[in-house]
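# What the coordinates show
Chain residues, written in single-letter form:
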Amino acid sequence: MISMLRRSFTHCQYSVIVRSINTAVAKMDTTVQKAIIHQQSTRVSISFSYDFGTKTKLLNFNRDQEEPLSSVLLRVKTNVLKHLNRREKKRKAGQDSEPSSPVDCSVRLCKLSESVHPVVGSTLNMDKLKLPEVHEATTCLDAFVNGGKNRLLVVEHQPYILDVNPPTVDTVSLPENILAGFLLYPNSLVVKNASREQCHVKWFVSRMSFENYGAAKSAIATIEWDELSSGFFLKVDESMVNKVIKVSVTPMKGSRSGASVEAVSRCLVSIGPESFPFLDRHQYTKEASPRDSMRVVSYNILGDTYARTEYSAENLFAHCPRYALSVDYRKQLYIAEILGYNADVVCLQEVDDDIFKHDLSSVLLQKAGLAGEYAGKQSQSTKEGCATFFNTKKFKLVESLCFGLADELQNNKALADIFSKVKKNSKLLERILGRNTVLQACVLECLTQGLVEHQRQLLLVCNTHFYFHPDADHIRLLQAGIAFTLIEQLVARLEAAEKGCLVRVLVCGDLNSTPDTGVYQLATLRHVGADHQGWKSALGEEVEGVELRQTLPMASACGTPTYTNYSVPFQGCIDWIFYRTDSLRVENVVPMPSHEVVTEHLSLPSPKFPSDHLALVAQLTILEMQSSA
């Protein structure tokens with residue numbers, strides 16, 4: 001109606017008529033709408049939609065919680081008037097140039113009485129309803145948050161009830177690569193005042209197929225959708241190929257729901273390679289391990305932090321198509337691979353913190369019952385680290401620890417002698433202290449009945465990723481010495497804390513150390529002499545007078561494969577699952593892929609392998625063990 005008036009009258013006539021209509025509307029029943037209020041830290045956000053006649057706009061305000069109400073309402077009024085005046089000043093070709101008439105509006109925050117309980121969609125006659133206003137000196141926090149349930153915001157004639165801290169979807173999207181045959185779930189889902197697991201999720205697929213995504217994008221407004229299913233996960237199948245996927249997420253907290261948010265895929269569903277090598281490895285892990293054993297996986301999944309750089313794409317992984325380097329493609333593969341191993345303990349390296357938060361932690365828990373702990377590297381710029389997952393049916397988390405190896409070298413009394421010798425070489429000191437390497441340690445309690453009655457049985461799972469540089473054997477030797485010192489201290493503390501406590505040990509990770517290095521020797525032979533050649537791997541940084549020992553009997557669960565990392569510049573066995581041999585025994589090992597399969601696309605990663613590393617998978621039997629106490 002208002003747009004018709006604008007075409008029929010001069011500007012001054014139009015302004016007078018619009019103000020008359022607004023006045024008339026104020027004397028009529030008006031539909032109640034909702035304003036969303038969120039408190040975060042010391043700020044209060046206020047959001048509501050307002051009809052400006054020709055367009056409805058979402059208005060957002062972010063105010064200090066101690067700001068007086070009068071100032072907040074003035075800000076709201078100023079913003080509304082800005083839009084109103086902007087509309088009034090617009091000129092179309094052929095309109096007269098009479099000056100715009102000034103406009104005004106009122107903004108109030110009223111107190112609701114016990115007899116007035118408006119709900120969204122109900123009507124109120126604001127001219128007849130006389131409500132007292134909240135005192136102008138009231139703080140923003142008290143006015144909108146603490147007293148929000150009994151408040152009514154009125155902008156001109158439009159009333160809004162306040163919905164304080166409702167369940168809200170902050171962000172949700174779908175990945176830029178969706179493969180038939182793999183799991184799909186809301187990508188980067190961030191909710192506020194809600195639980196991700198409780199969100200109501202619905203899936204839709206376009207009725208039409210498209211030749212390319214560009215065609216789908218241009219038709220997005222007219223696409224007809226077929227509902228597929230409800231639930232956090234969607235198993236994408238071949239019927240969806242060349243179509244667009246849509247997801248709708250309704251945030252929930254208990255019985256309280258928030259506004260639904262939709263996201264449409266930025267790609268068409270596609271078909272990947274005919275087969276994936278990890279499916280062959282899954283033939284060995286179809287069944288869960290028996291109650292007296294555990295299946296262990298160690299896997300460097302190639303962090304997106306490194307894979308997405310131009311240097312990696314053009315040098316390290318130039319053989320790999322760009323689409324297969326993207327994390328949205330690769331994570332589909334490595335999540336499916338990990339799930340198919342039916343593991344009880346999973347140690348991952350190069351895990352981007354966002355991938356842990358939005359993908360691994362929820363998918364592995366919901367689909368496989370694997371709870372996860374994350375230990376990021378001690379760096380502001382490097383947002384990746386180690387993640388350890390465990391089967392919640394077999395284990396309970398007792399303690400989760402993260403040690404910075406550089407910090408421990410400086411502060412752990414048991415390492416004082418080594419540190420005193422390292423400090424004598426300034427270049428060596430700078431290099432070792434400049435590393436952000438961490439040791440993640442998860443203390444797990446066995447929930448299955450113990451083999452030794454009345455004895456608490458613990459499993460200490462250690463996960464780490466040593467420094468990578470080719471000339472850094474001496475740094476990795478020092479890191480191994482620090483790590484095993486920490487592990488021995490943990491075992492001693494745990495066994496001393498409770499009489500008869502049994503502590504089994506796993507040490508997993510990408511140690512960037514081959515079987516001919518001092519790191520492997522320390523783990524398996526328990527001693528590295530001061531004359532070991534590894535101490536002299538970098539000119540000017542030689543480590544002198546340091547001898548390493550550790551007391552735990554350890555062995556490699558997967559032996560010494562030809563390689564666990566296969567890239568253009570390097571191929572070698574650098575990933576390990578070390579286990580305490582007096583309490584665990586290797587039952588079986590999942591075979592590695594054949595060399596022909598690994599090198600089908602020259603090296604790793606490739607469209608069939610999501611990482612430049614191969615997963616190690618071993619099943620270990622839990623042996624009866626007498627405590628060292």
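Quick caveat, the model's predicted, so the values are computed rather than measured. (Residues numbered from 1 in each chain as written. Predicted model: local features only at pLDDT ≥ 70, side-chain atom pairs only at ≥ 80, totals over all residues. Heavy atoms only, no water.)

## Observations concerning the overall build of the protein
When helices and strands are tallied, the protein shows 17 helices and 36 strands. Once the C-alpha set of the protein is aligned to its principal axes, its extents read approximately 95 × 55 × 55 Å. In the protein, buried positions account for 54% of the 629 residues. In the protein, once contacts between residues fewer than 6 apart in sequence are set aside, the share between residues at least 24 apart is 73%. With an accessible surface of roughly 28,700 Å², the protein has 50% of that area assigned to carbon and sulfur atoms. Between the mean site of the 68 positive side-chain charges and the mean site of the 69 negative ones, the protein shows a separation of 8 Å. (Helix = DSSP H or I, 4+ residues; strand = E, 2+ residues; numbered from the N terminus. Buried < 20%, exposed > 50% of the residue type's maximum accessible area, 1.4 Å probe, protein only. Contact = heavy atoms within 4.5 Å. Areas by Shrake-Rupley, 256 points an atom, 1.4 Å probe, with all protein chains shown as cover. Lys, Arg positive; Asp, Glu negative; His and termini not counted. Charge placed at Lys NZ, Arg CZ, Asp CG, Glu CD.)

## What to know about the nonpolar core
Formed by 61 residues in total, the largest nonpolar core has its most connected members in Ile245, Leu348, Leu360 and Phe389. The element best represented in this core is helix α10 (residues 327-340), accounting for 6 residues. Sequence-distant contacts of Leu360, defined by excluding residues within four places in its chain, comprise Ile301, Tyr334, Ile335, Leu348, Val351, Ile355, Leu365 and Phe389. If you look at the next biggest cluster of nonpolar residues, it comprises 50 residues, including Ile475, Leu477, Val546 and Met554. (Core = buried A, V, L, I, M, F, W, Y, C linked by side-chain atoms within 4.5 Å.)

## Quick word on the pattern of salt bridges
Counting across every chain of the model gives 26 salt bridges. Measuring nitrogen to oxygen at the nearest pair gives 3.5 Å for the salt bridge that ties Glu310 to Arg322. Separated by 12 residues along the polypeptide, Glu310 in helix α8 (residues 310-316) and Arg322 in helix α9 (residues 322-325) bring together distant segments of the chain. We classify Arg322 as partly exposed; its relative accessible area is 49%. With its nearest N and O atoms 3.3 Å apart, the salt bridge here joins Asp417 to Lys421. Taken together, the residues span about one helical turn, with Asp417 and Lys421 both in helix α13 (residues 416-422) at a distance of 4 residues. Ionic contacts of the salt-bridge type, sharing partners, join the residues Lys396, Glu445, Arg456 and Glu498 into one network. (Salt bridge = Lys/Arg side-chain N within 4 Å of Asp/Glu carboxyl O.)

## Some remarks on the confidence of the model for the protein
Predicted confidence across the protein gives a mean pLDDT of 92, with 91% of residues reaching 70 or more. Low pLDDT (under 50) marks residues 1-9, which in the prediction has 12 contacts with non-local residues, meaning those over four places away or in another chain. In the predicted structure, residues 11-26 sits below a pLDDT of 50 and forms 32 contacts with residues beyond four places in sequence or in another chain. (pLDDT = per-residue confidence, 0-100.)

## With respect to the sheet that holds strand β2 (residues 33-40)
Pairing is mixed across the open sheet formed by 6 strands, whose spatial order is β4-β3-β2-β8-β7-β5. Edge positions in the open sheet fall to β4 (56-64) and β5 (107-111), since each of these has one partner strand only. When the angles between neighbouring strand axes are averaged without regard to direction, this sheet yields 25°. (Pairing = 2+ DSSP bridges. Axes fitted to C-alpha atoms, helices over the stretch in contact; angles between N-to-C directions.)

## What about the side chain of Ser606?
By secondary structure assignment, the location of Ser606 is in the loop between α17 (595-598) and β36 (616-622). In this structure Ser606 comes out as buried when scored by relative accessible area, which is 2%.

## Overview of the environment of Pro167
Its place among the elements puts Pro167 in the loop between β8 (158-164) and β9 (168-173). It is 28 Å that separates the C-alpha atoms of Pro167 and Phe52, two residues lying 115 residues apart in sequence. Setting aside residues no more than four positions away along its own chain, Pro167 makes contact with Lys192, Asn193, Ala194, Pro251, Met252, Lys253, Arg256, Ser257, Gly258 and Ala259.

## Side note on the pairing of strand β34 (residues 575-580)
With 6 of 6 residues buried, β34 is to be regarded as a mostly interior element. Neither face of β34 is open: one carries Asp575, Ile577 and Tyr579, the other Trp576, Phe578 and Arg580, and all of them are buried. Examined bridge by bridge, strand β31 (residues 554-556) and β34 share 3 bridges and lie antiparallel to one another. Across the sheet, the residue bridging to Met554 is Arg580, located in β34.

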